[in-house]
Amino acid sequence: HGTPLRRPRALLGFAATCLFVGACDALRVIAVGDSITELSGPAGRGYVSFLSECSGWQISNYGVIGATMQVAGDISYWSTLQYQQAMKSKPDVVYLMLGTNDARAPNWNAGRYRTDAEKMIGAFRDLPSSPHVYVMAPPPLFQDGFYGMSAQVIGEEIPPLLYRVSAALGQNVTFLD
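What counts and what doesn't
- Residue numbering note: each chain is counted from 1, following its sequence as written.
- Thresholds applied to this predicted model are a pLDDT of at least 70 for local features of residues and 80 or more for the giving and counting of side-chain atom pairs; totals over whole chains, interfaces and linings are not thresholded and use all residues.
- As a rule here, side-chain values come from all non-hydrogen atoms in the structure, and water together with hydrogens is ignored.
- The definition of a nonpolar core used throughout is a set of buried Ala, Val, Leu, Ile, Met, Phe, Trp, Tyr and Cys residues joined through side-chain atoms within 4.5 Å.
- Burial classes follow relative accessibility: with a 1.4 Å probe on protein chains only, a residue under 20% of its type's maximum area counts as buried, one over 50% as exposed, and anything between as partly exposed.
- Runs of H or I in DSSP of at least four residues are treated as helices and runs of E of at least two as strands, each being numbered from the N terminus.
- Contacts are residue-level and defined by heavy atoms, with any inter-residue pair within 4.5 Å sufficient.
- Put simply, a salt bridge is a Lys or Arg side-chain nitrogen that is within 4 Å of an Asp or Glu carboxyl oxygen.
- What counts as an axis is a line fitted to C-alpha atoms, over the stretch in contact for a helix, and the angles between N-to-C directions run from 0 to 180 degrees.
- Ten residues, namely Ala, Val, Leu, Ile, Met, Phe, Trp, Tyr, Cys and Pro, are considered nonpolar, four, namely Asp, Glu, Lys and Arg, are considered charged, and the remaining ones, Gly among them, are considered polar.

Observations concerning the nonpolar core
1) Next: One finds Val 32, Tyr 77, Leu 96, Tyr 113, Met 120, Ile 121 and Phe 124 to be the most contacted residues of the largest nonpolar core, which totals 34 residues.
2) Next: Elements with a minimum of two residues in this core: strand 1 (29-33), helix 4 (81-88), strand 3 (93-97), helix 5 (110-125), strand 4 (132-136), helix 6 (151-169) and strand 5 (173-176).
3) Next: With seven residues, the single largest contributor to this core is helix 6.
4) Next: If near-sequence neighbours (up to four positions away) are discounted, Tyr 77 is found in contact with Val 32, Gly 33, Tyr 62, Val 64, Ala 67, Thr 68, Gln 82, Tyr 83, Ala 86, Leu 98 and Met 120.

Topic: the pattern of salt bridges
Any two side chains of opposite charge can pair if their charged atoms end up close together.
1) Next: Across all of its chains, the model carries four salt bridges by this definition.
2) Next: Put simply, Asp 74 and Arg 104 hold a salt bridge, and the shortest N to O gap is 2.3 Å. With a gap of 30 residues between them, Asp 74 in the loop between strand 2 (59-63) and helix 4 and Arg 104 in the loop between strand 3 and helix 5 connect regions that are remote in the sequence.
3) Next: Among the salt bridges present, the one from Asp 126 reaches Arg 125, with a minimum N-O distance of 2.9 Å.

Digging into the packing of helix 4 against helix 5
1) Next: Viewed as axis vectors pointing N to C, helix 4 and helix 5 meet at an angle of 35°, and their least axial separation amounts to 10 Å. Contacts between helix 4 and helix 5 involve Tyr 83, Ala 86 and Met 87 from the first element and Met 120, Ala 123 and Phe 124 from the second.
2) Next: Among the residues making up the contact of helix 4 with helix 5, the classes are represented as six nonpolar, no polar and no charged.

Bear in mind that shape data such as this cannot, by itself, settle questions of function.
As structure tokens, this is what we get:
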């Protein structure tokens, strides 16, 4: 009741996007997040480049290494140039994934995370371009304590929290896990 199943469904989100916004060849799609979004990964391809390749769409990457959803986080996404650029980009679709760095012990506060997630997701949803916002749970952390991050927070606390926030925000917001 409120805890989503953990299944990769981002590609389904891409397919559904066509239904929400119409002509797919003219979509302005952006990815917002931390290093998982910004970087290309060990194989030279991160999820943004993979999704772009699979969909055929150009996706603007507004990822920031170390960024947090929380305003009070050590590297708050809210205070970055990429956030300002993303907000001005007139997107039709937003893929948002922040939470991995929030799960570090000095940063984690579930109440603040929820409040700031509601505000950020709502800010993107309410842009004049009326984008569809896909809120993505961070991938599981397989080594607890890696860079000070909590596998329990990433795997058990953040996904249901983002699911509830997304459901409460309603129209034009979809949770992907």
